[in-house]
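As a plain string of letters, each chain reads:
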Amino acid sequence: MLSAATAQAIAVDLVSRLAEQEAPASTTVHLADDRSAFALALERALTDWGYTVSRDPGSDKRTNAVSLSYSLTGFDGQILARLSMPKMSVGRVYKKSETGAEPDGPFSVQQID
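All of these numbers come straight from a predicted model, not from anything done at the bench. (Residues numbered from 1 in each chain as written. Predicted model: local features only at pLDDT ≥ 70, side-chain atom pairs only at ≥ 80, totals over all residues. Heavy atoms only, no water.)

J.: Would you take a moment to explain the overall build of the protein for this structure?
T.: Each helix and strand in the protein was counted, giving three helices and eight strands. Element order for the protein, N to C, with α for helix and β for strand: α-β-α-β-α-β-β-β-β-β-β. Relative to a compact globule of 113 residues, whose C-alpha radius of gyration would be 13 Å, the protein shows 14 Å and is just as compact. C-alpha extents for the protein along the principal axes are approximately 40 × 30 × 20 Å. Taken over 113 residues, the protein has a buried fraction of 37%. A separation threshold of at least 6 residues defines the contact pool for the protein, and within that pool the share at least 24 residues apart is 55%. Summed over its atoms, the accessible surface of the protein is roughly 6400 Å², and 51% of this surface lies on carbon and sulfur atoms. Taken as two groups, the 11 positive and 14 negative side-chain charges of the protein have centres that lie 2 Å from each other. (Helix = DSSP H or I, 4+ residues; strand = E, 2+ residues; numbered from the N terminus. Rg over C-alpha atoms; globule rule 2.2 N^0.38 Å. Buried < 20%, exposed > 50% of the residue type's maximum accessible area, 1.4 Å probe, protein only. Contact = heavy atoms within 4.5 Å. Areas by Shrake-Rupley, 256 points an atom, 1.4 Å probe, with all protein chains shown as cover. Lys, Arg positive; Asp, Glu negative; His and termini not counted. Charge placed at Lys NZ, Arg CZ, Asp CG, Glu CD.)

Quick look at the structure:
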């Protein structure tokens, strides 16, 4: 389980890099109704970066919202975090720090055809 500070540090970093790939002002994202520390930090980071966020289960079909999912995997004291959309996935490895988390590897972008 992630602390709020770790969740926030990872979410802010990932969303800042996601914004380089997918324009915030023109993108509405759909998130599952998850109330974990990371889901809440992710929603806040998305909103702060200018994305419109919807948790309505049918919004992706009615409003052209893009489904956004995430995965967090712990391994050997590191956290692999990934955000996935239908046409791309972004991710990075992090290590926990006194202030939450910090990148521990390069940022990865995978285009999905």
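J.: Honestly, the pairing of strand E6 (residues 88–97) in this entry has me stumped. Any pointers?
T.: Consecutive side chains of a regular strand alternate in pointing toward one face of the sheet and then the other. Here strand E5 (residues 78–85) runs beside E6; their pairing, made up of eight bridges, is antiparallel. Across the sheet, Arg82 pairs through a bridge with Gly91, a residue of E6. The hairpin formed by E5 and E6 contains two residues between the paired strands. Bridging between E6 and strand E8 (residues 108–111) involves four bridges; their strand directions are antiparallel. Note that in E8 the partner of Ser89 across the bridge is Gln110. (Pairing = 2+ DSSP bridges.)

J.: Got a minute to help me understand the packing of helix H1 (residues 4–21) against helix H2 (residues 37–48) in this structure?
T.: To describe two helices that pack against each other, one gives the angle between their axes and the distance between the axes. It is at 8 Å that the axes of H1 and H2 come closest, and there the two elements cross at 40 degrees. The orientation of H1 with respect to H2, classified from their angle, is oblique. Crossing hand, H1 versus H2: right-handed. Residues Ala7, Gln8, Ile10, Ala11, Val12, Leu14, Val15 and Leu18 of H1 touch H2, and the partners they reach there are Ala37, Phe38, Ala41, Leu42, Ala45 and Leu46. Grouping the constituent residues of the contact of H1 with H2 by class yields 13 nonpolar, one polar and no charged. (Axes fitted to C-alpha atoms, helices over the stretch in contact; angles between N-to-C directions. Parallel < 35°, antiparallel > 145°, perpendicular 65-115°, else oblique. Left-handed = near helix turned anticlockwise from the far one by under 90°. Nonpolar A, V, L, I, M, F, W, Y, C, P; charged D, E, K, R; others polar.)

J.: Sorry if this is basic, but what is going on with the sheet that holds strand E2 (residues 52–54) here?
T.: For sheets, the rule is that strands pair by backbone hydrogen bonds, running either parallel or antiparallel. Strand order in the open sheet formed by three strands is E2-E1-E3, with parallel pairing between adjacent strands. Each end of this open sheet is capped by a strand with a single partner; those strands are E2 and strand E3 (66–67). Where strand E1 (residues 28–30) and E2 come together, three bridges link them in parallel fashion. Directly across from His30, in E2, lies its bridge partner Ser54.

J.: Looking at this structure, how should I read the pattern of salt bridges?
T.: A pair can form between side chains of opposite charge whenever their charged atoms are brought close. Summed over the entire model, instances satisfying the criterion amount to seven salt bridges. A salt bridge links Asp33 to Arg35, with the nearest nitrogen and oxygen atoms 3.4 Å apart. Classification of Asp33 as exposed rests on a relative accessible area of 58%. With a relative accessible area of 52%, Arg35 lands in the exposed category. The partner of Glu43 in a salt bridge is Arg55, and the shortest N-O contact between them spans 2.9 Å. (Salt bridge = Lys/Arg side-chain N within 4 Å of Asp/Glu carboxyl O.)

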